[in-house]
Amino acid sequence: MKKVLFLTLCLSLVLFMGQRSTVRAADKPLVIGGSLPLTGKFAETAKWIEKGMKFWAEEVNAKGGLLGRKVTFKIYDDQSNAGKAVTFAEKAITVDKVDLLFGGYPGTAARAVMPVAEKHKFVYVSMGGHMKSFQQGYTYSFGGPPLMGEWWYEGFYQWVKSLPVDQRPKRAAVYTMNNPIGTSLMDSINRMSKDLGVKIVINEKYNLPLPDATPLIMKAKQMNCDLLFSSGFFADGVMTVRTAKALNYNPKAIVQGVGSIIPAWVKELGKDGDYIFSGTVLHNKLGYPGNDKLNAYVKKTYNLSGYPLYFGFGYAWMQTLSQGVEGAKGLNQTKIRDWLKSHTVQTIAGPMSFDAKGLPAPVNYCTQVINGKVELVWPKEVRTAEPIYPKPAWK
Amino acid sequence: MLSVNDLIVLYQKLRALRGVSLEVAEGDLVALIGSNGSGKTTLLNSISGLIPAGAGRIMWQGTPILGMSPDNICREGIIQVPEGRKLFAQMTVEENLEMGAYLPAARAEADQSRQMAFDIFPRLAERRRQTAGSLSGGEQQMVAVARAIMAKPKLLMLDEPSLGLSPLFAAEIFQTIKELNNRDITVLLISQEVLQTLTISNYAYVMENGEIILNGPAKELLDDPRIKESYLGL
Amino acid sequence: MNTVLVIQSLISGIMMGSVYALLGVGFSLTWGVLKVINISHATFGLIGAFLAYTLLKWLGMDPIFSLVVSVPLLFFLACLIFRFLIVPITKAKDVIVTSMILTFGIAIILENLMLLIWSPDPRLLTTAYTSKVLILGPFYFQYPKLAGFLMSAIGVLVIHFFLKKTYTGKAVRAAWQQPDAAQLYGINLRRISMITFGIAVASAGAGGVGMAFLYSFDPHAHNLWLIYLFLVVIVGGVGNVLGAAFAGLIIGVITGLSLAFLPYQWVNLLTFGLLMVILIIRPHGLFKGEV
């Protein structure tokens, strides 16, 4: 009897304390923690993510905060080191006891933090680390939106499918950088070859750094390939394109992996960077609500004509996370997770419903560089410019 | 011309030279003899500025030169033919001679000097395009002396020029040294070939354990019983 | 066998390798002559590349002419660095290791300065002749690569003749072969070392422009270029100018042949595998070490 009484006392004390702390918490700011590579080789991109997140917070705080509490960030600098990203995620959760975890960058860091989030049962909305990272059975991780190599050429593939059969390219030369990102890009290409009968005539992987692109282009030209996939980063991508021009190799379409969506592509290559196809999961010309607002903000603040991709990512991940929090009406991580799995969120990348893996339905927009601008060319409903195909001969 | 006073050199905390004094007058051919490790080479390298001295004084034509860098001492006309010849082995004979006349003053007279060197060592003229490393020991010694000639020495210091040479070559080298001295070059000669050295020298110093133990006109030393016993094996 | 592809790969590879040679020749020289392994060598090359980029953008100056500015500038900068940073460490017990640590620090400082000045964005050198080609039969000679090749050939020959034919150059060789004797004959070791370091660094600037003709670059690129430097020195022999040139050609031939005959992912494996083999069978390089 005494024991029961004692237990009840303890329990009520705990409840009371708990009550008190939630009461107190209401005046305390809501802390969202984690790390970004603010120094090191990913720093430039990460700083745009940070700006996107902070813009979101500014906006939310102006409207009275999240759950009525002001939002602040606790951002660690993981120095572009995935190992440190893990340490800081642990620290944010266990030592700083943050209320929410924000998404990481790049994919290697996100992939490494996903199991940490799972262990501590913290919702983690990030770009993820391509398809494999979402196939590990994690339930708290969401790609909202994700950066999926496997979906990268999906938009291009859908667009080719829309072409009359006789206009489609027939013979593809596929050059892929030999790393997980490059390999993930093969997914859509293989499907295209199977579904659309595009013959993969050359399928070669190269290790970075690519010393010389001349033999690659020579071979593609000799084999009469009318479609060139150059699935690489900036350095090897520009070399491939320049060599194609020098050797006067004119396929119907050149599709580039990651390099052509970074601003330097257009800036440094100039006219030679035109007509290159690529893909993206997010774009500042998308018509979904919010994009105009972001574009206006970066125009005013940074004098840019459209928000950079990663500014958008930073913003969109916070959109997804905050809608989960509002939907769950509290900070119970499991409730947030369950709400996200059963509802649709509205983001600047479009509406998203997440499956068991934490992924939305495959999204990809086909882009083409036209007159020095990255334009959306597929699907039709988001199109900002007519695709130019076949590619005009080099001048 | 050159006077060394109470020179002390510490080498790895050992006293390599313990208060050495020595005089070389203009036009002299002075010999410095002594057994291995007695400090002769250390003395030469201190004069050349390769080794810093602990204490003492080195005067050259009335001015102190202690503490000057080796290239500046070379500029003064004090030229050393180092022990083991130290030729630029991968360079040709001609290039080695050119390097002897590296400083502008010497370079201006390089053509005459070279002619003189080739007159003295006609064999080098034949070998001028060969690398120094490919020559025989005797020929290498000729290059070493010829290189020094190129530097227009006022004082020529030679460290064991006959080491490792056949008796015939050695005799030729000593002959040459005497000849150079006759051409108004002051010479300070280190050698273990005591008999030959003393024969051509006019003054000599004997070193033991970093000290001068004996000095005097070369002819007198040749007759000195201590020299006869220790160095000439008589 | 696809002869055209093989020969084209070789042409392109050799032009590429020759640029590595120009970038590496000075690295080899400082290593051989001064016993200084200059980890920041490629960083100076990168400065040359960025200067060429800026002069091209601002004044429309051709990258090759930019050398008139960057080569003397780098020479002067190198002399200062030598006087105030390298000279003090030549008294260290192990100059090679100490120099590596010191120049690694210099590389980091310079990299950060470049980040401040030029931002981390990747750059491309785009001239009027960037995509021009000389077509001989079925073979293409891309102008930027030809420019790199010619620059390299001239650069290496200039350094070679400097060392073989000029008094100062001969003094550099003399100082390397016999430092004591060189001093005894009036060679100021410190001055000669400074000149050697200056020439090496200035040649890196030219090599950097050559690299910029081939590749895009950003302030981190020197880390990658450094690997090519070691490749050139280890194949060509430490301190060997013509060896460095041959090393460039050999690297070019191997890269070209493997790109033509093997799956592409083997290329780096083969190149660096070769490096290992050379290190094992000829630790002093394929060519006899001689300046």
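These numbers come from a predicted model, not from an experiment. (Residues numbered from 1 in each chain as written. Chains lettered and ligands numbered in written order. Predicted model: local features only at pLDDT ≥ 70, side-chain atom pairs only at ≥ 80, totals over all residues.)

(A) Structural view of the interface of chain A and chain C. Chain A puts 28 residues into the contact, and the matching count from chain C is 29 residues. Top contributing element to the side of chain A that touches chain C by residue count: helix 9 (residues 234–246) of chain A, with 7 residues. Classifying every residue of the side of chain A that touches chain C gives 13 nonpolar, 5 polar and 10 charged. (Contact = placed C-beta atoms within 7 Å. Helix = DSSP H or I, 4+ residues; strand = E, 2+ residues; numbered from the N terminus. Nonpolar A, V, L, I, M, F, W, Y, C, P; charged D, E, K, R; others polar.)

(B) Molecular detail of the sheet that holds strand 14 (residues 373–378) of chain A. Residues and elements named next belong to chain A. Pairing is mixed across the open sheet formed by 7 strands, whose spatial order is 7-6-8-9-10-13-14. Edge positions in the open sheet fall to strand 7 (199–206) and strand 14, since each of these has one partner strand only. The mean inter-strand angle of the sheet, taken between neighbouring strand axes irrespective of direction, is 25°. Inspection of the sheet shows strand 9 (residues 253–256) paired to strand 10 (residues 276–280) by 2 bridges, in the parallel sense. Note on strand 10: the bridge partner recorded for Val255 is Phe277. (Pairing = 2+ DSSP bridges. Axes fitted to C-alpha atoms, helices over the stretch in contact; angles between N-to-C directions.)

(C) Geometry of the interface of chain C and chain B. The interface is formed by 16 residues belonging to chain C together with 21 residues belonging to chain B. Of all the elements in the fold, those that place two or more residues in the side of chain C that touches chain B are helix 6 (167–177) and helix 7 (179–184) of chain C. Ranked by residue count, the leading element in the side of chain C that touches chain B is helix 6 of chain C, at 6 residues. Considered class by class, the residues forming the side of chain C that touches chain B number 7 nonpolar, 5 polar and 4 charged.

(D) Summary view of the sheet that holds strand 1 (residues 2–11) of chain B. Residues and elements named next belong to chain B. Spatial ordering of the open sheet is given by 2-1-4-5, a layout of 4 strands whose pairing is antiparallel. Bordering the open sheet on either side are strand 2 (14–24) and strand 5 (63–64), each of which pairs with just one other strand. Of the pairings in the sheet, the one linking strand 1 to strand 4 (residues 55–60) comprises 5 bridges and is antiparallel in character. Among the inter-strand pairings, Asn5 is bridged to a residue of strand 4, identified as Arg57. Each of strand 1, strand 2 and strand 4 is contacted by helix 1 (residues 40–48), which is oriented at about 110° to strand 1, the strand it contacts most.

(E) Examining the packing of helix 9 (residues 222–236) of chain C against helix 10 (residues 241–261) of chain C more closely. Residue and element names in this part refer to chain C. Relative to each other, helix 9 and helix 10 sit at 110°, their axes nearing to 8 Å. Classed by the angle they form, the pair helix 9 and helix 10 counts as roughly perpendicular. With respect to the hand of their crossing, helix 9 and helix 10 are arranged in right-handed fashion. The residues of helix 10 that touch helix 9, namely those facing Leu231, Val232, Val235 and Gly236, are Gly243, Ala244, Phe246, Ala247, Gly248, Ile250 and Ile251. (Parallel < 35°, antiparallel > 145°, perpendicular 65-115°, else oblique. Left-handed = near helix turned anticlockwise from the far one by under 90°.)

(F) Representation of the packing of helix 2 (residues 43–62) of chain A against helix 12 (residues 309–328) of chain A. Residue and element names in this part refer to chain A. Two elements in contact, helix 2 and helix 12, have axes separated by 6 Å at closest approach and are oriented at 45°. The angle between helix 2 and helix 12 falls in the class oblique. Crossing hand, helix 2 versus helix 12: right-handed. Here helix 2 contributes Thr45, Trp48, Ile49, Glu50, Lys51, Gly52, Met53, Phe55, Trp56 and Val60 to the contact with helix 12, which in turn contributes Tyr310, Phe311, Gly312, Phe313, Gly314, Tyr315, Met318, Gln319 and Ser322.

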